[in-house]
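# Fold and geometry: a report
What follows is each chain in one-letter form.
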Number of protein chains: 2
Amino acid sequence: MRRLFVCLISGLMLAGTVSAKETDMAKDTLTVIHSRKSVISFTGAAVSTENLNTIIRAGMAAPTAVNKQPWSFVVVTDRKKLDALAAGLPNARGINKAGAVIVVCTEPGKANLQSKDFAIIDATLASENILLATEALGLGGHWTASYPYEDKMKHVRTVLGIPAAVIPLNVILVGVPTGVDKPKDKYRQDKIHWGQW
Amino acid sequence: MRRLFVCLISGLMLAGTVSAKETDMAKDTLTVIHSRKSVISFTGAAVSTENLNTIIRAGMAAPTAVNKQPWSFVVVTDRKKLDALAAGLPNARGINKAGAVIVVCTEPGKANLQSKDFAIIDATLASENILLATEALGLGGHWTASYPYEDKMKHVRTVLGIPAAVIPLNVILVGVPTGVDKPKDKYRQDKIHWGQW
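So, a few notes on the structure that sits alongside this text.

The rules we used
- Residues numbered from 1 in each chain as written.
- Chains lettered and ligands numbered in written order.
- Predicted model: local features only at pLDDT ≥ 70, side-chain atom pairs only at ≥ 80, totals over all residues.
- Heavy atoms only, no water.
- Helix = DSSP H or I, 4+ residues; strand = E, 2+ residues; numbered from the N terminus.
- Buried < 20%, exposed > 50% of the residue type's maximum accessible area, 1.4 Å probe, protein only.
- Contact = heavy atoms within 4.5 Å.
- Areas by Shrake-Rupley, 256 points an atom, 1.4 Å probe, with all protein chains shown as cover.
- Salt bridge = Lys/Arg side-chain N within 4 Å of Asp/Glu carboxyl O.
- Lys, Arg positive; Asp, Glu negative; His and termini not counted.
- Least-squares fit on C-alpha atoms with pLDDT ≥ 70 in both.
- Buried area = accessible area lost by both parts, 1.4 Å probe.
- Polar contact = N/O pair within 3.5 Å; in protein donor to acceptor, adjacent residues only side chain to side chain.
- Nonpolar A, V, L, I, M, F, W, Y, C, P; charged D, E, K, R; others polar.
- Pairing = 2+ DSSP bridges.

## A short note on the overall build of chain A
In terms of regular secondary structure, chain A is built from six helices and six strands. With respect to the principal axes defined by its C-alpha atoms, chain A has extents near 60 × 45 × 35 Å. By residue count, 56% of the 197 residues in chain A fall in the buried class. The long-range fraction of contacts in chain A, counting pairs at least 24 apart against all pairs at least 6 apart in sequence, stands at 75%. Of the accessible surface of chain A, which amounts to about 8100 Å², a share of 55% is contributed by carbon and sulfur atoms.

## What about the pattern of salt bridges?
In this structure the tally under the stated criterion is 10 salt bridges over all chains. The shortest N-O distance in the salt bridge between R188(A) and D190(A) comes to 3.0 Å. Notably, a salt bridge pairs R79(B) with D83(B), separated by 3.0 Å at the nearest N-O pair. You can see R79(B) and its partner D83(B) sitting in helix α4 (residues 79–86), four residues apart, about one turn around the helix. By relative accessible area, D83(B) is classed as partly exposed at 41%.

## So, the side chain of K191(A)
Relative to the helices and strands, K191(A) is located in the loop between β5 (170–175) and β6 (192–194). For the buried residue K191(A), which engages in no salt bridge, the nearest side chain bearing the opposite charge is D190(A), 5.9 Å off. In contact with K191(A), other than residues within four places in its own chain, are M60(B), Q69(B), W71(B), S72(B), F73(B) and K110(B).

## Notes on the relation of the copies chain A and chain B
Between chain A and chain B, which share one sequence, the superposing operator has a rotation angle of 180° and an axial displacement of 0.0 Å; the RMSD is 0.0 Å. With respect to symmetry, the two chain copies, as superposed, fit the operation of a two-fold axis. When the interface residues of chain A are mapped onto chain B, 100% of them are again interface residues, pointing to one common binding face.

## Looking at the interface of chain A and chain B
Taken together, the contact between chain A and chain B spans 83 residues of the former and 83 residues of the latter. Summing both partners gives a buried area of about 7500 Å² for chain A against chain B, and 66% of it is carried by carbon and sulfur. Three residues stand out in chain A for area buried against chain B, namely K186(A), K191(A) and W197(A), and they jointly supply 10% of the buried area on that side. In this assembly, chain A and chain B are joined by zero salt bridges. Summed over the shared surface of chain A and chain B, the number is 30 residue pairs in polar contact (both at pLDDT 80 or more). Taken together, the elements giving at least two residues each to the side of chain A that touches chain B come down to α1 (2–12), α2 (19–35), α3 (49–60), β1 (71–76), α5 (116–136), β3 (140–145), α6 (150–160) and β6 of chain A. In the side of chain A that touches chain B, the residues fall into 48 nonpolar, 19 polar and 16 charged. Looking at chain direction, β1(A) and strand β6 (residues 192–194) of chain B are connected through three bridges and run parallel. Note on β6(B): the bridge partner recorded for V75(A) is W194(B).

## Points about the environment of P63(B)
Mapped onto the elements, P63(B) comes out in the loop between α3 (49–60) and β1 (71–76). As a C-alpha pair, P63(B) and L125(B) span 62 residues in sequence and 7.0 Å in three-dimensional space. Once residues lying within four places of it in the same chain are set aside, the contact partners of P63(B) are R36(A), E128(A), L131(A), K186(A), D122(B) and L125(B).

In structure tokens:
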């Protein structure tokens, strides 16, 4: 009912202005940002190719240094391959019931100044968009680390055939959440310095 | 009018389900993700403290490795200090008309495993939320680099009194956009590998 009320008000406000629309956009986006949580409890249901495409498309919309776009993405939905990945990733809790994983990869040789720093930053920005798009679609996501662990990166490269020059930054689990995982409130006023440190 | 139509439909669909609301959330969030652009053309108008707080609050909602939250944020709106920052940041185009900057800082000593890698990743995830919240509020943002440049980091530390143990990752410009900067379509199907590299 609240939504209906907001909608009716929005409609009434729409006499020649876009401010109501902008307000909805802001509210919905901030709600998704604050609802995003690391989901480790999945139902086991599949994730559609359409949703995976939408999620990765959102990833590519993030900025990259000097627009170099050094990233690429490996998507895995096959249960045998997910299990093979899991065998070398003890931190990837929940992968047994995830519908898919997205491995965000990055290639320092293709980044600004061929810098590993920019390659990691660019792929991390894309990863946050991926996590937010996942949440926005009503799915659950969870960044599990590959980089900077040499053993985990080697394992992911071996299972997925990723070239040595490419860094598999993470293994993002994507699935249908059971609902038990909740977002944390991490706001800390003392972490904001106004004007000067 | 389109928004009014969508709202009315959403209202009609709300007979006991949240799917219409979820659809709006997804659509609005994805719209913001794809509308985000690096804004360098600002009007010169101020940005309210309330908006800056909302933006930074969104930043803190991003995930951090093992929930270590190694970040902190310096916000500058004073024109003299913005000019002092600009003097050592030739890449910060548009800062002369920006309403504020947010310097996203990170401290390796407070990060998971006291790792600089995780410190940078955590602050980068927060930065993407900051850029998206800025866009969602109808403002414009632009990541300009401080890290990994030693000279720029030194300059930012000096102007803002940031301790040597803290890395000023970036200087994010925030302001009211003139509207000339447009988002890029960076979607590349060949960057997605299905099942295997």
